[in-house]
Amino acid sequence: MYWFKNLIRLSSPVKHRSTAKFSPTLFSLQHIHHFTTAGDAVTPSASGLGPTKKTDKPRVVVLGSGWAGCRLMKGLDTSIYDVVCVSPRNHMVFTPLLASTCVGTLEFRSVAEPIGRIQPAISTEPGSYFFLANCKGLDSKNHEVHCQTITDGLQTLDPWDFKISYDKLIIASGAEASTFGIKGVKEHAIFLREVRHAQEIRRKLLLNLMLSDVPGVSDEEKRRLLHCVVVGGGPTGVEFSGELSDFIMKDVHQRYSHVKDYIHVTLIEANDILSSFDDRLRVYATKQLTKSGVRLVRGTVKDVQPKKIILSDGTEVPYGLLVWSTGVGPSSFVRKMDLPKAPGGRIGIDEWLRVPSVPDVFAIGDCSGYLESTGKSTLPALAQVAEREGKYLAELLNKIGKAGGGHANGTGDMELGAPFVYKHLGSMATVGSYKALVDLRQSKETKGLSIAGFASWFIWRSAYLTRVVSWRNRFYVAINWLTTFVFGRDISRI
């Protein structure tokens, strides 16, 4: 328990951070000391964390706080390494349950896990830190990363640049939503990858419900405002459509009875929905979604405008809420990095997740893929792939550190052991109305258990409840589910 840990900490001798190490306060003072003023303009000079000494613990720098990076940090032995995480967010998002937060089934805090809880050393150890920043560049020759702070657009605080020297660098910066170059997607659609996206969806959905109830709004405008369009028939798109249909049937019909006949959901997919699932499960999902009131449209989007999308066949689809969930691709940060690339533009790695020709640099998660020279195909951008890679690399780095190879250029010809091997554990997706799909086949070509219905929904919830990172968030999720079941979803627009 957290209070018990605090009690133990208070009853133990206080362990102060060494002033010989870098501290955030000293970091800020260094910047203030090095500021140069020209009129009212203030320009910071670069400062940061310098190289470690042989007598210091080697430093592992992790870029990103997604599934791969957080699983790596959790598994690192902090008696061997100092850990520094650089990320534009200070938490990990439990993405399988993110769709549930959009309609009030779960609260946002239930799917966000602070980095300091995943790896406590970041909050307590003298040489371990978290920096709210973006990585802007890599100097592999000098073992440095160049970063810039995140200020969230505050007018009173300008971002400043700093450098971090590393002994081992882990690039786990993830990917970005694929738009396929379609005009208007970034301007008018909402992606479902971060908590802020879920918050935006929830606010817009509730706003449209309330606006449509205002006197003087035409029936045509009501239908547009309350038309929720989801583009992409993968697990995220299907689960969000299922959550929306549940929200409409169980909450909108009861609390927005004046406009209940105007709201509907359309799911647009170029091919079959849930293409990686068993054929029987895909048929079941199609029937269940249609039964729940979700309209399935097969087509591709040609153009996105402020109030409508245009399909390749010329069909115009008006919308009030547009959610884009068509998969991911390499981010701009990954694309501009001067590193070997795998097919598809990801950072190229070998069987041990190393970036060849760049010493002490590893890449894991959605930003990485096997080089063609390995003879292996690129792994799918799934949470379980990223988590498994993070776990493997943490064990590998611990092994290297124990053998004395933790410092920069210290690995040499060290035997690394068995390469990374991914074994697919299966796929799950909920389709609403207490129904879900569970496909435990290792691939589309192999045979295995695949079930659908209420039993699958129970398995889906039980599995994800146990996979939530901390007991704190498991408690939140369980309480949220119980509260929603008894009292309905929270429809407050905050």
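We now turn to the structure provided with this report. Predicted model, so just to flag it, every value in this text is computed and none were measured.

1. A look at the packing of aromatic side chains
- In the structure shown here, the tally under the stated rule is eight aromatic pairs.
- With a centroid separation of 5.3 Å and 45° between ring planes, the pair formed by W67 and F94 is classed as tilted. On the criterion of sequence distance, the pair formed by W67 in helix α3 (residues 67–75) and F94 in the loop between β6 (91–93) and α4 (98–101) is long-range, its members being 27 residues apart. Across the pair, exposure class does not vary: W67 and F94 are buried alike.

2. Things to note about the nonpolar core
- One finds L97, I164 and I171 to be the most contacted residues of the largest nonpolar core, which totals 116 residues.
- The element best represented in this core is helix α13 (residues 383–402), accounting for eight residues.
- When residues no more than four places from it in sequence are discounted, the contact partners of I164 are L49, R59, V61, V84, V86, F131, H143, E144, V145 and C147.

3. Observations concerning empty space enclosed by the protein
- A full pass over the atoms with the stated rule returns two cavities of 30 Å³ or more.
- Estimated volume of the largest cavity: approximately 60 Å³.
- What lines the largest cavity is simply R346, I349, G365, D366, S368, G369, Y370, T378, L379, P380, V385 and E389.
- Here the lining of the largest cavity gets three residues from one element, more than from any other, and that element is strand β24 (residues 368–370).

4. Topic: helix α14 (residues 454–467)
- The terminal C-alpha atoms of α14, which comprises 14 residues, lie 20 Å apart, in line with the 20 Å expected from a rise of 1.5 Å per residue.
- Listed in full, the buried residues belonging to α14 are S456, W457, W460, R461 and Y464. Looking straight down α14, one finds its buried side chains confined to an arc of 135°; they lie on one side. Exposed residues lying more than 90 degrees from the buried face of α14 are F458 and T466.
- Where α14 is buried, its residues touch α10 (235–255), β25 (427–432), β26 (435–439), β27 (450–453) and α15 (471–487).

5. Details of a nonpolar patch on the surface
- A grouping of Y434, F454, F458, F475, I479, L482, F485, V486 and F487 is seen on the molecular surface, where their side chains present a nonpolar patch of about 1000 Å² in accessible area.
- Elements with a minimum of two residues in the nonpolar patch: α14 and α15.
- Here the element with the most residues in the nonpolar patch is α15; it accounts for six residues.
- Residue position: V486 is located in helix α15.

6. A closer look at the sheet that holds β25
- On the basis of which strands lie adjacent, the open sheet formed by three strands has the order β25-β26-β27 and antiparallel pairing. Each of the sheet's edge strands pairs with one partner strand only, and the pair in question is β25 and β27. The mean angle between the axes of side-by-side strands here comes to 10°, regardless of whether they run parallel or antiparallel.
- Bridging between β25 and β26 involves five bridges; their strand directions are antiparallel. Bridge pairing links G432 to K435 in β26.

7. A look at the pairing of strand β8 (residues 129–139)
- The pairing of strand β5 (residues 82–87) with β8 spans four bridges and is classified as parallel. Opposite V84, over in β8, you have Y129 as the bridge partner.
- Sheet topology note: the β8/strand β9 (residues 144–149) ladder contains six bridges and is antiparallel. Bridging across to β9, A133 finds its partner in T149.

8. Re the sheet that holds strand β18 (residues 308–311)
- One open sheet holds the three strands; their spatial order is β17-β18-β19, and the pairing between them is antiparallel. The open sheet has two edge strands, β17 (301–304) and β19 (316–318), and neither has a second partner. The average angle at which neighbouring strand axes cross in this sheet is 25°, direction not considered.
- In terms of strand pairing, β17 meets β18 through three bridges, oriented antiparallel. Directly across from V301, in β18, lies its bridge partner L311.

9. What to know about the packing of helix α8 (residues 195–211) against α10
- Between α8 and α10, the least distance of the axes is 14 Å, while the angle of their chain directions is 35°. Crossing geometry of α8 relative to α10 is assigned as right-handed. On the side of α8, the interface is formed by I201, L205, L206 and L209, while α10 contributes F240, L244, F247 and V252.
- Residue composition of the contact of α8 with α10, grouped by class: eight nonpolar, no polar and no charged.

10. Considerations on the packing of α3 against α13
- Interhelical geometry of α3 versus α13 gives an angle of 30° and a closest axis separation of 7 Å. Judged by the sense of rotation from one axis to the other, the crossing of α3 with α13 is right-handed. Taking contact as the criterion, the partners of W67, A68, R71, L72 and G75 in α3 are, on α13, A383, A386, E387, G390, K391, L393, A394, L397 and N398.
- Taken together, the residues of the contact of α3 with α13 break down into eight nonpolar, three polar and three charged.

Here is what the cut-offs are and how they apply
- Residues numbered from 1 in each chain as written.
- Predicted model: local features only at pLDDT ≥ 70, side-chain atom pairs only at ≥ 80, totals over all residues.
- Heavy atoms only, no water.
- Phe/Tyr/Trp six-rings, centres within 6.5 Å; stacked < 30°, edge-to-face > 60°.
- Helix = DSSP H or I, 4+ residues; strand = E, 2+ residues; numbered from the N terminus.
- Buried < 20%, exposed > 50% of the residue type's maximum accessible area, 1.4 Å probe, protein only.
- Core = buried A, V, L, I, M, F, W, Y, C linked by side-chain atoms within 4.5 Å.
- Contact = heavy atoms within 4.5 Å.
- 1 Å grid on protein atoms, 1.4 Å probe; cavity = no way out; pocket = protein on both sides within 12 Å on 5 of 7 lines; lining within 4 Å.
- Points joined across faces, edges and corners; volume = space filled by probe spheres on them.
- Expected span 1.5 Å × (residues − 1).
- Arc of directions from axis to C-beta.
- Patch = residues over 30% accessible without salt bridge, like charges linked within 9 Å, V, L, I, M, F, W, Y side chains within 5 Å.
- Areas by Shrake-Rupley, 256 points an atom, 1.4 Å probe, with all protein chains shown as cover.
- Salt bridge = Lys/Arg side-chain N within 4 Å of Asp/Glu carboxyl O.
- Pairing = 2+ DSSP bridges.
- Axes fitted to C-alpha atoms, helices over the stretch in contact; angles between N-to-C directions.
- Left-handed = near helix turned anticlockwise from the far one by under 90°.
- Nonpolar A, V, L, I, M, F, W, Y, C, P; charged D, E, K, R; others polar.

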